[in-house]
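Residue strings, one per chain:
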Amino acid sequence: AKAVCAERQRPFAAQAGDNCAVATWAIVSACLRVLIGTLPDGSNTIPLSNIKRLFRTRFQVDLSETALGYAKLSELLQDTRVSDLCSVQLQEQGYIV
């Protein structure tokens, strides 16, 4: 089901009554720039598992990988449209951005 949503570029399992807009590529890029630019001194990574929550809490935007054509968030963050901003790496504790 998630792959079908990605093919159709539709959000997967959108929450009823949700007031958040779904992020576009321009919004994803802008928000990533802010998140990366505001990392605490000495820190240069964000756990992948925190990315969607940060988009919702800091920017009131739903980061939906399926709406942008991907089945996995880790794949979305490796797209050429944001690859100049970040990379995804597997560490012992999980994926980091």
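Refer to the preceding data block for the structure.
Rules and cut-offs
Residues numbered from 1 in each chain as written. Predicted model: local features only at pLDDT ≥ 70, side-chain atom pairs only at ≥ 80, totals over all residues. Heavy atoms only, no water. Core = buried A, V, L, I, M, F, W, Y, C linked by side-chain atoms within 4.5 Å. Buried < 20%, exposed > 50% of the residue type's maximum accessible area, 1.4 Å probe, protein only. Helix = DSSP H or I, 4+ residues; strand = E, 2+ residues; numbered from the N terminus. Contact = heavy atoms within 4.5 Å. Expected span 1.5 Å × (residues − 1). Phe/Tyr/Trp six-rings, centres within 6.5 Å; stacked < 30°, edge-to-face > 60°.

Caption draft 1: Summary view of the nonpolar core. One finds Val28, Leu32, Ile51, Phe55, Leu63, Leu76 and Leu77 to be the most contacted residues of the largest nonpolar core, which totals 23 residues. Sorting the residues of this core by element identifies α2 (25–37), α3 (48–59) and α4 (73–76) as the ones contributing at least two each. Each residue touching Leu63, except ones within four places of it in the same chain, is listed here: Ala23, Val28, Ile51, Lys52, Phe55, Leu68, Leu73 and Leu76.

Caption draft 2: Broad picture of α2. Over its 13 residues, α2 runs 18 Å from end to end, which matches the ideal 18 Å to within 8%, given 1.5 Å per residue. Listed in full, the buried residues belonging to α2 are Trp25, Val28, Ser29, Cys31, Leu32 and Leu35. Buried residues belonging to α2 abut α3 and α4.

Caption draft 3: Summary view of the packing of aromatic side chains. Using the criterion set out here, one finds two aromatic pairs in the structure. A centroid spacing of 6.4 Å and a plane angle of 80 degrees characterise the contact between Trp25 and Tyr70, whose relative ring orientation is edge-to-face. Taken together, the positions of Trp25 in helix α2 and Tyr70 in the loop between β2 (61–62) and α4 put the pair 45 residues apart, joining distant regions of the chain. Ring plane angle 70 degrees and centroid distance 5.8 Å describe the contact between Phe55 and Phe59, whose orientation is recorded as edge-to-face. Linking Phe55 with Phe59, this pair stays in helix α3, spanning four residues, or about one helical turn. We note that Phe55, like Phe59, is buried.

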